[in-house]
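What the coordinates show
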Amino acid sequence: MLAPLQTGAARFSSYLLSRARKVLGSHLFSPCGVPEFCSISTRKLAAHGFGASMAAMVSFPPQRYHYFLVLDFEATCDKPQIHPQEIIEFPILKLNGRTMEIESTFHMYVQPVVHPQLTPFCTELTGIIQAMVDGQPSLQQVLERVDEWMAKEGLLDPNVKSIFVTCGDWDLKVMLPGQCQYLGLPVADYFKQWINLKKAYSFAMGCWPKNGLLDMNKGLSLQHIGRPHSGIGHPENQHPGLLFR
């Protein structure tokens, strides 16, 4: 399952973040959607299949973040949209900021409570079927397990710097805080800052990716791997996944 994710999320992130750093020089960016870029050697880039032109790139100074936590929620949905939407898939990849290797994953499905029955539209879009969310933990329970995972991975150590990476601001600016407010749940501080990969791409390439990851893949001449609107993939439903919508 992680092989396509490494060629998709990890390879994409290593190329994009390093290219944006080259374009912007020493400019560093603040949280909530603005990028902080990583140090990648030319040998590593070449090993990830970016060709001779990429192998000619110089190494960059060390990155201030030790880890990138790549996150992509899937949520209940329909046409017209249902309210409130509820998170039904909660995936995170722990990406080493120096090597761009995936070191750990967190992945859980979440039981929706306001609209417990998934719509046909939702299943068609995400590949998530009813059996995959029935009997799963509530969002409160999943958030508790996220915190346990963060602690186990050393990500709560004040000497370890990490930041979430999302494809857009929806996940951590709209979806999670909105559902937590609806349920009366606190939002952990580590969810309150993130890098918006679309903004990183726009800084590097000079254009906004209107169609998200598909446009970014095309702009960087990368092959799309997996299913859009799928967190880490659904082996139960035979849908290979990709991390970003």
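Note: the structure precedes this text.
Residues numbered from 1 in each chain as written. Predicted model: local features only at pLDDT ≥ 70, side-chain atom pairs only at ≥ 80, totals over all residues. Heavy atoms only, no water.

Let us look at the packing of aromatic side chains. Inspection of the entire model under this criterion finds 8 aromatic pairs. Each residue in the set Phe73, Phe90, Phe106, Trp149, Phe164, Tyr190 and Phe191 is aromatic and connected to the rest through ring pairs, giving one cluster. Over the ring of Tyr67 we find Lys94; its NZ or CZ atom is 4.3 Å from the centre of that ring. (Phe/Tyr/Trp six-rings, centres within 6.5 Å; stacked < 30°, edge-to-face > 60°. Lys NZ or Arg CZ within 6 Å of the ring centre and 35° of its normal.)

A few words on unusual backbone geometry. Of note, the bond from Lys79 into Pro80 is cis; its omega dihedral lies within 30 degrees of zero at -5°. The linkage connecting His83 with the following residue, Pro84, adopts the cis geometry, with an omega of -5°. On the secondary structure map, Pro84 appears in the loop between strand 2 (74–75) and strand 3 (87–96). Of note in this structure, Ser221 is not a glycine but carries a positive phi near 55°. Considering the arrangement of structural elements, one finds Ser221 in the segment after helix 9 (213–219). (Helix = DSSP H or I, 4+ residues; strand = E, 2+ residues; numbered from the N terminus.)

Here the focus is the nonpolar core. One recurring pattern in soluble globular proteins: nonpolar side chains tend to sit buried together. Counting 27 residues, the largest nonpolar core has Phe90, Ile92, Val146, Phe164 and Phe191 as its most contacted members. Examining the composition of this core, we find that 6 residues originate from one element, helix 6 (residues 139–152), more than from any other. With residues near it in sequence (within four places) discarded, Phe164 still touches Leu69, Leu71, Ile92, Met150, Leu172, Tyr190, Phe191, Gln193, Trp194 and Ile195. The next biggest cluster of nonpolar side chains, apart from the first, holds 13 residues, and it includes Phe68, Leu95, Met100 and Ile102. (Core = buried A, V, L, I, M, F, W, Y, C linked by side-chain atoms within 4.5 Å. Buried < 20%, exposed > 50% of the residue type's maximum accessible area, 1.4 Å probe, protein only. Contact = heavy atoms within 4.5 Å.)

Here we come to helix 7 (residues 170–183). Note that an α-helix has 3.6 residues per turn; residues three or four places apart therefore point the same way. The terminal C-alpha atoms of helix 7 lie 18 Å apart, and with 14 residues this matches the ideal 20 Å at 1.5 Å per residue to within 8%. Of the positions making up helix 7, those classed as buried are Asp171, Leu172, Met175, Leu176, Gln179 and Cys180. Buried-residue contacts for helix 7 involve strand 1 (67–71), strand 2, strand 3, helix 6, strand 5 (162–166) and strand 6 (194–196). Positioned one or two residues after helix 7, Gly184 has a phi angle of 75°, which is positive. (Expected span 1.5 Å × (residues − 1).)

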